[in-house]
Amino acid sequence: MTRTLSSRPADAATAARRPILSPRVRRIVEKLVAAAVVLWGAATAAFLAQIALPGDRATTILNVRSGQTQLRTPEELASINAEYGLQNPILVQYLDYVGGLLRGDLGVSYQQHRPVWGIISEQVGATLTLTAVTLVLAWVLMIFWVTLTAGRGTKIRALGSGVDTVTAGLPPYWLGILLLLVFALGLGWFPVIGGTGVDGIVLPALTLAIPLAGFMGQATRTEFERSLTAPFIITARMRGMSDLNIRLRHVLRHAILPAVTLSGWAIGATISGAVIVESLFTRPGIGSVLITAVDSQDLPVVTGVVVLVAATYVVANLLVDLAYTVIDPRMRNS
Amino acid sequence: MMTILDSSVLPGIGQGPAARPVRLSVNNLNVGFSHHGTVRPVVRNVSFNLEEGQCVAIVGESGSGKSVTARTLVGLTGQHAVVDAGGIRLGDDDLTALSPKRWRSIRGRRIGFILQDALVSLDPLRPVGKEIEEALTLHGWGDRASRKRKVLDLLASVGVPAPRNRARQRPDELSGGLRQRALIASAIALDPEIVIADEPTTALDVTVQAQVLLLLEDMKRRGTSILLISHDLSVVAHLADQILVMSGGEVVEQGTAHSILTDPQHPYTQGLINAVPSRDTRGSRLAPAREVAPVHTAAHANDDHAGFDGPVLEATGLVKHFTAPDGSRTAAVNDVSFSLGRGETLGIVGESGSGKSTTARIALALENADAGTVRLLGQDWSAIPETRRRRLRKQISVVYQDPLSSFDPRWNTERILLDSLPAGAFATAAQRRERVLALLAQVGLPDSVLHRFPLQLSGGQRQRVAIARALAPSPSIVVLDEAVSALDVSIQAQILDLLVDLQRQFGLSYLFISHDLGVISHMSDRVLVMKDGFVVESGTADQIFTAPAHPYTKELLGALPTLDENHSVSVSPAASVPPATEGSAP
Amino acid sequence: MTGVLERTVAPVQRRRRVRVGFLASAVTIGVFLAAAVTPHVLAPSDPFTMDFTRALQSPSLAHWFGTDESGRDLFSRVIYGARESLAIGVGAAGLGVLVALVLGSIAALAGRILAGIVNRVIEVLFAFPTLLLALLLVSILGSSPLTLVIAVGLGSAPGYARMVRGQILSSKNSGYVEAARALGHARFTIFRRHILPNALRPLIAIFTMGVGQSIVWASGMAFIGLGVAPPSPEWGALLDAGRAYITQASWLIVLPGFVIVVLALAATTLGKHIQSSLEKGDA
């Protein structure tokens, strides 16, 4: 007894409960919400850090400002409490802080007694320039090295990934010192003290870019070698494409995807790495601001930098997502 | 553009003048791979001639050297390859000593190459039109505008409707049939004299496979010479004029398709032909008989439910919806009902996305259905909480397609099997060990595999361990979810024989899930045919395979290639020229 | 025939190559451990004895790493500094892995709401680069070795937590866990037998690499004057002290830095070998 079913209306099979938003819009909204949550979390963490400072905050502020530890009179404390709103309940302080952040107000420095944004904005340009140059340099170095060495003979491959591993593990301070000793003190090609000129940025940027290139290179190399053996690459070879062409036109696009993902994180890491490098090359930037602030417990400045870096990270990651969908259009709908 | 083809079109096939020009001649080809100074031979003494408008097929299982042979012919054997040949001639050119640049001018222009599944064989990030155009650009064909037009012409010539729209889509946006056509278009863009097709239909649904085979046949009729590489004799049976059977790097038998298929001389070829499961092989063994150790049957004591004589597994009105990434909901399983009797095999056959594997997972209660119920040995199964189900779990077990991922990589065979024994069934360590050894014997494995890890086992051995694990709790039912699909045909034959033996011995009931109609017809007593989540037809195996009633079943059977060289695959009119709406993947 | 050949030849070759890198890095780590446990055996002289007549001598046979501004033997100081540096590295990596294990397990295994919250926490922590998080903690707690351990440990935790989460999730969705479910094993049994061991094993590799990275971070803090302070022979403190003499006695900063690089590289290499042998499933 053979039983058959007449074919049913096709729309019953692909049940029609259409989502309200188109997948693309939905995805963008989700990303923006997630970014806002991370920013809010970062702001909260920054606020908690200020609360967590041991001892009476008004006393600490006065001590930080005068640079000496001593007992303060109630009058002195009252004026500070009023200035920083410390007499308010914690919740009110928190709302004030978050509200201030929304208006672009990062708080007031304990030490310098002026808005944190003012202090940071004077220095942030130099650091952002260094970060941008570093990223570009790291990408160029990484792509050049990986394309040159990945998927070659055993020895070249070992050399390629060996260099990746070694450079990825180089501490920036040590690499910076070596570059300084060789190219500035030894050969005299670059100035010892950074400054803001074009030749002053080369060594600091290299110091940050080389380990970053090694780090991204490890991820890119794995993907590069995987792609090189993929069937679609064999198809391209069968079409008569040359090896270099294949590497540049097909493989690279697949291989850089992990490094693109890493770049969002790398921007944050480079800004914080800049602290060390700026100190080493005596370059202007938020590095010196931050080190002084940490040393003197000037917390509003420290948290201000932290919040700004977190915000940069969030924005960078949104851009990375965008770049990702451009490179891999399949991601657009998933 | 088609001058070479047009001038050479001959009336009919196989009855043309004997003096057809030889396009490719391979004389005594040897290939080895060097490794630290020693050369390991992988291809030995391969010779053949490929004439105009002819198809030569190389058939062999994995590791036979067939793909290496094909790649050597386009100079892409690999870095460590050592090639030695009496001669390889493409027309008047000697291919044994070419510069890389000369090779590149031959690849794509004079020899086209088609690999398996276009989903992975075309760059997944680029529109298919760009991929086809690339072949033209590389060989300096025409200008920009004429290339764009040529791409559309090519897509149209391989039967892609609305080529202007399709050319802009990526492989993942096209249906399986359309993207495979696009891949073929990129290989024949420059009208090569020879097309090498390396497993061009592997991993494709049977209806798509039929479309591709018809396309290749069409190319051959127009004078293109085809070198077809396949593990599947039935795929090449209709298309090939000459067949080379390879095993372990050597050609074990070579001759006309007719003589190889009807009168194979070499035992390996005979085994290969006998190993192909089909309706006609039901009840007979597929693999040469092998010594099987005496088996302890006493251990498979499954008397708890011996008195029960209803269906061991009964599913009623199963429905399962999935939410796609874009938020829309599709029904993977729609109103599926079936029952499985004791000692019976129920086959569920369907193409990818038909819902057969989801049905299996619901039957195993690893997935909850949105509606419908499953009863196991007459008791509630799907409707009870997992904690109460565990007591019954030992009655139903499963074997997956990929055993490697179903084993914890940290565990060796012994640990895997010990872990699968029902808790409390065996009191002492000695009894447990005895049971494990008995299980190994039942699936025909030596004791020496006990201390091996899954990675150290061959594919067939792994599947035997998976079967032993499934037998360990002495189940009434075994769900076999594409359990032989990843195996070479000779290994598949051994596993299928083993499954038949075990069923007879223990009175097992099988729920047998496969995309392969041959395997299903060999194994099943009754069959469900699924499409898009629906059961389109059900009945006994004989009814389904001799007198299919539903158009889809007819289409599937028509698309199935067989060893009969006179049987041509057919494609339903709807499939051969897909309507524009079918072009986009769901 | 060829199949058999392939199977017997390949693993042997691979294993030999694995051993060279593995041995070199294991021996290096062993030497550093020996220096941490018994510095007096390895050090040629006392690391604290000052002798201003021999101040700032460049490296020689007598003083392999030269002498510092107080005439102390730098090589001995590096050896004596190993204990504190390694302790900071091990402590920070241990803390990082522990926090990561807790956060990562909850994120992978807890119910939807709790897992969602923990996932957000990991995301937020990830937005703070390790060094910045460490600086924030130092500015609250003040600079001390313990602060350094906490700061670097917490700073590296979010990255590890993501790996733990990914590992547990892939294990949870793996074929072998489904096979265990089909066999009727209880949820906790599956967690204990499959998910936890498969998630813990990569942590050994992460921890090994983490020790090297933590020492690099901690010494970086010291380099900008916010870590362990001189006159301790802790490596970061040596860097801090050596900065002043970069033009006239560069070995004071280059050589301790080199030691840190070697240790970090050895730890990374060892960790990678552990990782790849785990992936092959035969360790």
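Residues numbered from 1 in each chain as written. Chains lettered and ligands numbered in written order. Predicted model: local features only at pLDDT ≥ 70, side-chain atom pairs only at ≥ 80, totals over all residues. Heavy atoms only, no water.

Trainee: So what about the overall build of chain C? Which residues, and what values?
Mentor: Within chain C one finds 10 helices and 0 strands. The order of α-helices and β-strands along chain C, N terminus first, is α-α-α-α-α-α-α-α-α-α. With respect to the principal axes defined by its C-alpha atoms, chain C has extents near 80 × 60 × 30 Å. A buried classification covers 52% of the 283 residues belonging to chain C. (Helix = DSSP H or I, 4+ residues; strand = E, 2+ residues; numbered from the N terminus. Buried < 20%, exposed > 50% of the residue type's maximum accessible area, 1.4 Å probe, protein only.)

Trainee: Provide a residue-level description of the overall build of chain B, including the pertinent values.
Mentor: On a plain count of helices and strands, chain B comes out with 22 helices and 20 strands. Relative to its 586 residues, chain B shows a buried fraction of 55%. For chain B, long-range pairs separated by at least 24 residues make up 70% of all intrachain contacts whose partners lie at least 6 apart in sequence. (Contact = heavy atoms within 4.5 Å.)

Trainee: Go over unusual backbone geometry, please, and point to the residues and values.
Mentor: Comment: phi is negative for the bulk of residues other than glycine, and the bulk of peptide bonds are trans. One non-glycine residue, Thr-282 of chain A, lies in positive phi territory at about 40°. Even without a glycine there, the phi angle at Ser-474 of chain B is positive, about 55°. If you trace the backbone, Ser-474 of chain B turns up in the loop between α17 (459–471) and β17 (477–481).

Trainee: I'd like a rundown of the environment of Ala-274 of chain A, residues and numbers included.
Mentor: Considering the arrangement of structural elements, one finds Ala-274 of chain A in helix α12 (residues 257–280). Between the alpha carbons of Ala-274 of chain A and Val-314 of chain A there is a distance of 19 Å; along the sequence they are 40 residues apart.

Trainee: Describe the nonpolar core, naming the residues involved and giving the relevant values.
Mentor: Formed by 154 residues in total, the largest nonpolar core has its most connected members in Leu-135, Phe-223 and Trp-235 of chain C. If one sorts the elements of this core by residue count, helix α10 (residues 251–280) of chain C sits on top with 15 residues. When residues of this core are sorted by domain, at least three fall in each of domain 1 (39–105) and domain 2 (124–331) of chain A. Those residues in contact with Phe-223 of chain C that sit more than four places away from it in its chain are Tyr-173, Ile-177, Ile-276 and Leu-280 of chain A together with Gly-236, Leu-239, Asp-240, Arg-243 and Ile-253 of chain C. Membership of the second largest hydrophobic core comes to 111 residues, among which are Leu-178, Val-212, Leu-272 and Leu-457 of chain B. (Core = buried A, V, L, I, M, F, W, Y, C linked by side-chain atoms within 4.5 Å. Domains from an automatic or database assignment.)

Trainee: Break down the interface of chain B and chain C for me, citing the residues and quoting the values.
Mentor: Chain B puts 25 residues into the contact, and the matching count from chain C is 24 residues. Here chain B packs against chain C, burying approximately 2300 Å² in sum over the two surfaces, 53% of which is carbon and sulfur. Area buried by chain B at its contact with chain C is led by Arg-40, Arg-390 and Arg-410 of chain B, which between them contribute 24% of it. Where chain B touches chain C, the interface holds 2 salt bridges. Those elements giving two or more residues to the side of chain B that touches chain C turn out to be β2 (38–51), α14 (386–393), β16 (396–399) and α15 (413–420) of chain B. Residue composition of the side of chain B that touches chain C, by class: 11 nonpolar, 6 polar and 8 charged. (Buried area = accessible area lost by both parts, 1.4 Å probe. Salt bridge = Lys/Arg side-chain N within 4 Å of Asp/Glu carboxyl O. Nonpolar A, V, L, I, M, F, W, Y, C, P; charged D, E, K, R; others polar.)

Trainee: Mind laying out the packing of aromatic side chains, listing which residues take part and the relevant values?
Mentor: Residue and element names in this part refer to chain A. Using the criterion set out here, one finds 12 aromatic pairs over all chains in the structure. Look at Phe-47 and Tyr-97: their rings are 5.9 Å apart centre to centre, the planes differ by 35°, and that puts the pair in the tilted class. You can see Phe-47 sitting in helix α2 (residues 23–51) and its partner Tyr-97 sitting in helix α5 (residues 90–102), a full 50 residues away along the chain. For Phe-47, a relative accessible area of 5% puts it in the buried group. Overall, the relative accessible area of 10% leaves Tyr-97 in the buried class. Judged by centre distance (5.7 Å) and plane angle (80°), the ring pair of Tyr-84 and Tyr-110 falls under edge-to-face. In this pair, Tyr-84 sits in helix α4 (residues 74–84) while Tyr-110 sits in the loop between α5 and α6 (116–149), placing the two residues 26 residues apart along the sequence. The class for Tyr-110 is buried, based on a relative accessible area of 1%. Among the aromatic residues, ring-to-ring pairing joins Phe-47, Tyr-94 and Tyr-97 into one connected group. (Phe/Tyr/Trp six-rings, centres within 6.5 Å; stacked < 30°, edge-to-face > 60°.)

Trainee: Report on the domain arrangement of chain B, specifying residues and quantitative values.
Mentor: Residue and element names in this part refer to chain B. Structurally, chain B comprises domain 1 (22–274) and domain 2 (303–411 + 472–549). On a C-alpha basis, the centroid separation for the pair domain 1 and domain 2 is 37 Å. Carbon and sulfur atoms supply 41% of the area that domain 1 and domain 2 bury against each other, a total of about 640 Å² over both sides. On inspection of domain 1 and its partner domain 2, the count reaches 0 salt bridges. For the pair domain 1 and domain 2, the interface holds 6 residue pairs in polar contact (both at pLDDT 80 or more). Considering only residue class, the side of domain 1 that touches domain 2 consists of 2 nonpolar, 2 polar and 2 charged. (Polar contact = N/O pair within 3.5 Å; in protein donor to acceptor, adjacent residues only side chain to side chain.)

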